[in-house]
Amino acid sequence: MTTSSSRDPRDEAPARLAEQAAPGTVQGHPQRWLILGVICLAQLTVLLDNTVLNVAIPSLTREMDASTSDIQWMINAYSLVQSGLLLSAGNAADRYGRKKMLIAGLALFGAGSLVAGLADSSGQLIAARAGMGVGGALLLTTTLAVAMQIFAPEEQPKAIGIWSAVNALGFAAGPLVGGFMLNHFWWGAIFLVNLPVVALGLVAVVALVPESRNRQGDRPDLLGALLSTIGMSALVYAIISGPEHGWSSGRVLATAAAAVLVLGVFAYWESRVPYPMLDPQFFRNRRFTGAVAGAVLITFGMGGALFLLTQHLQFVLGYGPLEAGLRTAPLALTVVALNFTGLSAKWTVRLGTPLSIALGMVVMAAGLASIATLTGHGYAGTLLGLVLIGVGCAIANPAMAHAIMSSIPREKAGVGAGINGTLAEFGNGLGVAVLGAVLNARFAALVPVAASSLPAALAAADSPGERGRVTEAFSSGLETSQLAGAVAVLAGGLLAAALLRRAERAEQAKQAERAERAEQAERVEPAQQAERSESAEPSESAERLEWAERSESAERLEWAERLEWAERSESAERSESAERSEPAEGAESSPAP
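Everything quoted here is computed from the prediction, not taken from an experiment. (Residues numbered from 1 in each chain as written. Predicted model: local features only at pLDDT ≥ 70, side-chain atom pairs only at ≥ 80, totals over all residues. Heavy atoms only, no water.)

Visitor: Help me understand the overall build of the protein chain in this model?
Guide: The helix and strand inventory of the protein chain stands at 20 helices and 0 strands. For the protein chain, with 593 residues in total, the buried portion stands at 45%. Contacts in the protein chain between residues at least 24 apart in sequence constitute 82% of all its contacts with a sequence separation of at least 6. Put simply, the protein chain shows about 29300 Å² of open surface, and 61% of that area lies on carbon and sulfur atoms. (Helix = DSSP H or I, 4+ residues; strand = E, 2+ residues; numbered from the N terminus. Buried < 20%, exposed > 50% of the residue type's maximum accessible area, 1.4 Å probe, protein only. Contact = heavy atoms within 4.5 Å. Areas by Shrake-Rupley, 256 points an atom, 1.4 Å probe, with all protein chains shown as cover.)

Visitor: Explain the environment of Ile371 to me, please; I cannot follow it from the model alone.
Guide: If you trace the backbone, Ile371 turns up in helix α16 (residues 353-373). For the pair Ile371 and Glu479, spaced 108 residues apart in the sequence, the C-alpha separation amounts to 8.0 Å. Among residues more than four places away in sequence, those in contact with Ile371 are Leu309, Thr382, Gly385, Leu386, Ile389 and Gln482.

Visitor: Help me out: how do you make sense of the nonpolar core in this one?
Guide: Side chains of nonpolar character tend, in soluble globular proteins, to be buried together. Of all hydrophobic cores here, the largest spans 49 residues; its most connected members are Leu36, Leu60, Leu125, Ile190, Phe191 and Val209. Residue assignment for this core shows that the elements contributing at least two residues are α2 (32-55), α4 (68-96), α5 (98-117), α6 (122-150), α7 (156-184), α8 (189-192) and α9 (194-208). Element by element, the count of residues in this core is highest for α6, at 10 residues. Beyond its immediate stretch of four places on either side in the chain, Val209 contacts Ile35, Val38, Ile39, Lys99, Leu102, Val146 and Ala204. Counting residues in hydrophobic clusters, the runner-up holds 48 residues, among them Tyr319, Val335, Ala365 and Met400. (Core = buried A, V, L, I, M, F, W, Y, C linked by side-chain atoms within 4.5 Å.)

Visitor: How should a nonpolar patch on the surface be read in this particular structure?
Guide: Taken together, Leu343, Trp347, Leu351, Leu355 and Leu359 make up a surface patch of nonpolar side chains, about 390 Å² in accessible area. Among the secondary structure elements, those contributing two or more residues to the nonpolar patch are α15 (343-351) and α16. Considering every element that reaches the nonpolar patch, the biggest residue donor is α15, with 3 residues. Among the secondary structure elements, Leu359 is positioned in helix α16. Of the residues examined, Leu359 reaches a relative accessible area of 37% and is grouped as partly exposed. (Patch = residues over 30% accessible without salt bridge, like charges linked within 9 Å, V, L, I, M, F, W, Y side chains within 5 Å. Salt bridge = Lys/Arg side-chain N within 4 Å of Asp/Glu carboxyl O.)

Visitor: When you look at α16 in this model, what are you seeing that I'm missing?
Guide: Each full turn of the α-helix corresponds to 3.6 residues, which orients residues three or four apart in the same direction. Taking 1.5 Å per residue as the helical rise, α16 with its 21 residues ought to reach 30 Å, and the 30 Å between its terminal C-alpha atoms agrees with that figure. In terms of burial, α16 is largely enclosed, as 15 of its 21 residues are buried. (Expected span 1.5 Å × (residues − 1).)

Visitor: Any chance you could explain the packing of helix α12 (residues 286-316) against α16 here in plain terms?
Guide: How two helices pack is summed up by the angle between their axes together with the distance between the axes. Between α12 and α16, the least distance of the axes is 12 Å, while the angle of their chain directions is 15 degrees. Regarding the angle of α12 to α16, the classification is roughly parallel. Crossing angle aside, the handedness with which α12 passes α16 is left-handed. Of α16, the residues touching α12 (which contributes Arg287, Gly294, Ile298, Gly301, Met302, Ala305 and Leu309) are Thr353, Met361, Met364, Leu368 and Ile371. Of the residues that constitute the contact of α12 with α16, the class distribution is 8 nonpolar, 3 polar and 1 charged. (Axes fitted to C-alpha atoms, helices over the stretch in contact; angles between N-to-C directions. Parallel < 35°, antiparallel > 145°, perpendicular 65-115°, else oblique. Left-handed = near helix turned anticlockwise from the far one by under 90°. Nonpolar A, V, L, I, M, F, W, Y, C, P; charged D, E, K, R; others polar.)

Visitor: Is there a simple way to explain the pattern of salt bridges in this structure?
Guide: Side chains that differ in charge, positive against negative, can pair when their charged atoms come close. Inspection of the entire model under this criterion finds 3 salt bridges. Close ionic contact of Asp94 with Arg98 constitutes a salt bridge, the shortest N to O distance being 2.8 Å. Classification of Asp94 as buried rests on a relative accessible area of 2%. Glu211 is paired through a salt bridge with Lys100; the nearest N and O atoms lie 3.2 Å apart. One end of the pair, Glu211, is in the loop between α9 and α10 (222-245); the other, Lys100, is in helix α5, and 111 residues separate them in sequence. You can call Glu211 partly exposed: its relative accessible area is 30%. Looking at Lys100, the relative accessible area reads 42%, which means it is partly exposed.

Visitor: What is the right way to read the packing of aromatic side chains from this model?
Guide: This structure, assessed with the given rule, holds 2 aromatic pairs. Taking 6.4 Å as the distance between ring centres and 85 degrees as the angle between the ring planes, the aromatic pair formed by Trp187 and Phe191 counts as edge-to-face. Grouping residues by exposure puts Trp187 and Phe191 together as buried. (Phe/Tyr/Trp six-rings, centres within 6.5 Å; stacked < 30°, edge-to-face > 60°.)

Purely geometric numbers; function is a separate question.
As structure tokens, this is what we get:
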């Protein structure tokens with residue numbers, strides 16, 4: 001009977017190879033769907049605030065006597081702080097605990113909302129919006145990171161689909177909620193309405209969400225966090241201010257140059273430090289690189305195109321702000337319906353990630369093209385385009401987010417969520433700036449009067465016919481820019497699908513190589529056992545020979561001892577016989593009396 005201590009290490013090699021070839025299973029949290037509802041509630045609060053302020057701009061301008069520059073900073077302070085802190089927030093969540101950072105994000109966002117709702121000057125409101133941006137960065141990264149921790153890999157696509165649907169719902173519902181609040185209350189109510197939602201979210205997070213963090217405990221990359229914050233904030237500011245001040249202005253060029261320089265130093269630092277905040281090794285993963293490239297292009301095309309869509313509905317079709325918001329709702333409703341029912345997740349599993357992304361982007365590009373080319377049919381052409389865009393978003397966006405998150409280790413989920421959010425902010429801002437520039441260039445080339453915007457051109461027009469030509473010029477500019485967005489989305493989908501397909505083939509090749517090694521190890525094992533048996537036979541013969549020699553030596557020693565004992569016995573007998581013979585001789589020699 002053999003024991004575990006006598007097992008040859010070579011016997012365990014095939015088992016180790018099999019264990020390496022088969023990844024371990026990860027079990028989901030028992031209350032994962034309830035927890036997902038809690039983190040989606042926190043996510044919805046941030047997303048509503050991203051869009052609700054746009055509706056309140058007229059009220060803020062009138063009641064706070066805010067200038068155009070003040071209004072811009074009220075909007076940009078939030079996005080600049082949030083986009084600059086996304087990577088740092090994700091890294092902090094991984095290091096110090098995702099539940100802790102989720103609670104901190106809700107608390108900061110709620111405090112900022114309270115200050116913003118009670119602000120009585122533009123400066124106070126701008127500062128409050130910046131504070132809300134800090135909380136928003138923590139919430140956007142921790143919600144997705146927690147979702148990746150509590151769900152098993154096979155359920156993650158559906159969970160991310162629901163998370164994406166909440167994103168779409170927040171962007172669509174923001175103008176509607178803002179319009180309703182402003183019709184019944186003063187402008188501060190659009191911020192104070194966040195407080196009960198934040199309070200409910202805090203209680204639910206404390207009670208339900210489990211704590212998770214990176215167990216390795218890397219040292220904090222403080223310099224990397226500082227460089228990424230400065231670099232991303234400067235880059236986003238350059239993109240935002242480009243259309244207003246001109247892309248060739250000194251302010252924009254200096255800010256863009258500073259952003260490139262700081263981000264270059266950040267990349268150099270991350271490649272040298274032993275505990276990087278953003279590991280450069282991620283970019284050697286083909287799956288990660290393909291998903292990143294596709295994410296930038298999809299947000300570039302979609303962000304700019306949807307920004308132009310609101311102008312199309314208001315300036316070309318003549319709807320008011322609230323009516324325009326209602327007429328964009330089919331896009332969000334389509335995304336919500338497909339993701340909450342799980343249909344998009346089923347399609348992704350059935351088609352695979354590369355094909356799902358390609359299909360979704362093609363459908364989105366078709367929707368943008370239909371909006372651009374079917375404007376003559378009124379809202380019907382726009383409705384068709386919105387539904388197509390919603391279908392494409394429901395398929396492609398979750399697949400893209402899952403591709404990014406699944407290519408990063410689970411312990412770095414916060415950093416992955418930060419990367420996903422940073423790409424969305426960067427692509428969205430760049431799309432608005434670039435496609436807006438295409439619109440302005442096309443409009444300036446076709447407009448019959450000297451003006452830099454549609455309202456100014458309409459005011460300068462002298463006749464109804466001239467106003468009609470101004471509107472047609474603006475519509476032509478919108479069509480050109482929407483088509484440019486469609487091309488960007490289509491290119492992003494095809495590029496991401498091609499890169500992800502190459503990554504999948506490379507991974508399949510590695511898995512096949514591992515399986516082949518395990519099979520070879522299983523085949524070699526019997527031969528190794530036979531070889532060990534053959535090598536054991538000479539050893540056994542040597543042991544037998546040694547035993548025989550030892551037995552022979554022992555036998556010789558025993559015979560020698562017996563011989564010595566016999567000699568000693570014989571010598572003792574002789575001595576005894578001699579002693580007995582001496583008295584007899586003495587008696588014979590004595591005289592008679």
